[in-house]
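So you can see what is in the structure, the chains are spelled out below.
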Amino acid sequence: MKRREFGQYCGIARALELVGERWALLVVRDLMIRPRRYTDLQEGLAGIPSNVLSTRLKELEQSGIVERQVAPAPQRGVVYALTPLGQELEPALLALGRWGSTQLGDPQPGDRVTPDGATLNLRANFRQEEAAGLTASFELHARDLVVHAVVTDGKLTSGIGPAPEPADLVITAEVPDDVPASYRAIVRAARLGQVELKGSKKLLDTFLRVFTRP
């Protein structure tokens, strides 16, 4: 499959040549959170044909955006990870995600939410200007989805699963069965008071101020 070339001396055109093919940015999205095995990527990108995933990974490797690494012990085999060049895509990816979230309608049957996507939504909605001087940790639950956010003196680290240390506030959202357990659903439940809180309950207002956008 020949990669398209626009023949324009333009940064946007060049970026699209490198990561503009179908599924490419979603591969980058999932690797932005953590290195993944090929089968992990297949599972997270439900619907991607195996030959397309192989092609995208090969193209991203050739571009210096993705690399193969030996999985750390006790795992075995090879994982795919972003290179430093690939990690530089995070601000653009988060900005694109913020814009795209304004165009989302109601979830449709079969729409899938992955922990990786929810974690990136958490990062995309983080308002650093509101977090100045803040040190607090949050853990978010919605059915099987668990993600965490740790703010240390205004700087965010986040990931999938429970917080590394007991969180200052654990937010468990009541999400209807017909609604995907997404970051958006957690925020909506928090705003409506449809959450169970464990820890410092006064931090709920802080969470909504720091991790949601008007």
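Above this note sits the structure.
If you're wondering where the values come from, they're calculated on a predicted model, not measured in any experiment.

What counts, and at which threshold
The written sequence of each chain sets the order in which its residues are numbered from 1. A pLDDT threshold of at least 70 governs which residues receive local features in this predicted model, and a stricter bar of 80 or more applies before side-chain atom pairs are shown or counted, although totals over entire chains, interfaces and linings include all residues. Hydrogens are left out, water is left out, and the side-chain values use all remaining heavy atoms of the structure. Secondary structure elements follow DSSP: runs of H or I of four or more residues count as helices, runs of E of two or more count as strands, with numbering from the N terminus. Buried residues are those whose accessible area, probed at 1.4 Å on protein chains only, stays under 20% of the maximum for their type, while exposed residues exceed 50% and partly exposed ones sit between those limits. Surface accessibility follows the Shrake-Rupley procedure with a 1.4 Å probe radius. Residue values consider only the protein chains on display as shielding. Only four residue types enter the charge count, namely Lys and Arg as positive and Asp and Glu as negative; His and the chain termini do not. Lys charges are placed at NZ, Arg charges at CZ, Asp charges at CG and Glu charges at CD. A pair of strands is labelled paired if DSSP reports no fewer than 2 bridges between them. To get an axis, a line is fitted to the C-alpha atoms, and for a helix only the part in contact is used. The angle between two axes follows their N-to-C directions and goes from 0 to 180 degrees. Should any heavy atoms of two residues lie within 4.5 Å, those residues are counted as being in contact. Aromatic pairing here means that ring centres of Phe, Tyr or Trp (its six-membered ring) are within 6.5 Å. Orientation follows from the plane angle: under 30 degrees is stacked, over 60 is edge-to-face, and everything else is tilted.

The next point concerns the overall build of the protein. A count of helical and extended segments in the protein gives nine helices and seven strands. If one aligns the C-alpha atoms of the protein with their principal axes, the spans along those axes are about 55 × 45 × 40 Å. Out of the 214 residues belonging to the protein, those deemed buried represent 44%. With an accessible surface of roughly 12,400 Å², the protein has 52% of that area assigned to carbon and sulfur atoms. Averaging the positions of the 27 positive and the 26 negative side-chain charges in the protein gives two centres separated by 3 Å.

Taken together, five strands build an open sheet; the order of strands is E5-E4-E3-E6-E7 and the sheet is mixed. Every interior strand has two partners, whereas the edge strands, strand E5 (155–160) and strand E7 (195–199), have only one. Direction aside, the axes of adjacent strands within the sheet are offset by 15 degrees on average. Strand direction decides the pairing type here: strand E3 (residues 136–142) and strand E6 (residues 169–173), joined by four bridges, are parallel. Across the sheet, Phe138 pairs through a bridge with Leu169, a residue of E6. Packed onto the sheet, helix H8 (residues 183–191) meets E3, strand E4 (145–152), E6 and E7 and runs at close to 105 degrees relative to E3.

This next bit is on the packing of aromatic side chains. Tallied over the full model, the rule gives four aromatic pairs. A ring pair is formed by Phe126 and Phe211, whose centres lie 5.4 Å apart and whose planes are at 40 degrees; its orientation type is tilted. Taken together, the residues Phe126 in the loop between helix H7 (115–125) and E3 and Phe211 in helix H9 (residues 203–211) connect sequence positions 85 residues apart. Centre to centre, the rings of Phe138 and Phe207 are 5.5 Å apart; their planes meet at 50 degrees, and the pair counts as tilted. Separated by 69 residues along the polypeptide, Phe138 in strand E3 and Phe207 in helix H9 bring together distant segments of the chain. Under the relative-accessibility criterion, Phe207 is labelled buried at 0%. Clustering of aromatic rings is evident, with ring pairs tying together Phe126, Phe138, Phe207 and Phe211.

This next bit is on the environment of Leu208. Here Leu208 shows up in helix H9. Of the residues examined, Leu208 reaches a relative accessible area of 16% and is grouped as buried. Discounting residues that sit within four places of it in the chain, Leu208 has contacts with Val187, Ala190 and Arg191.

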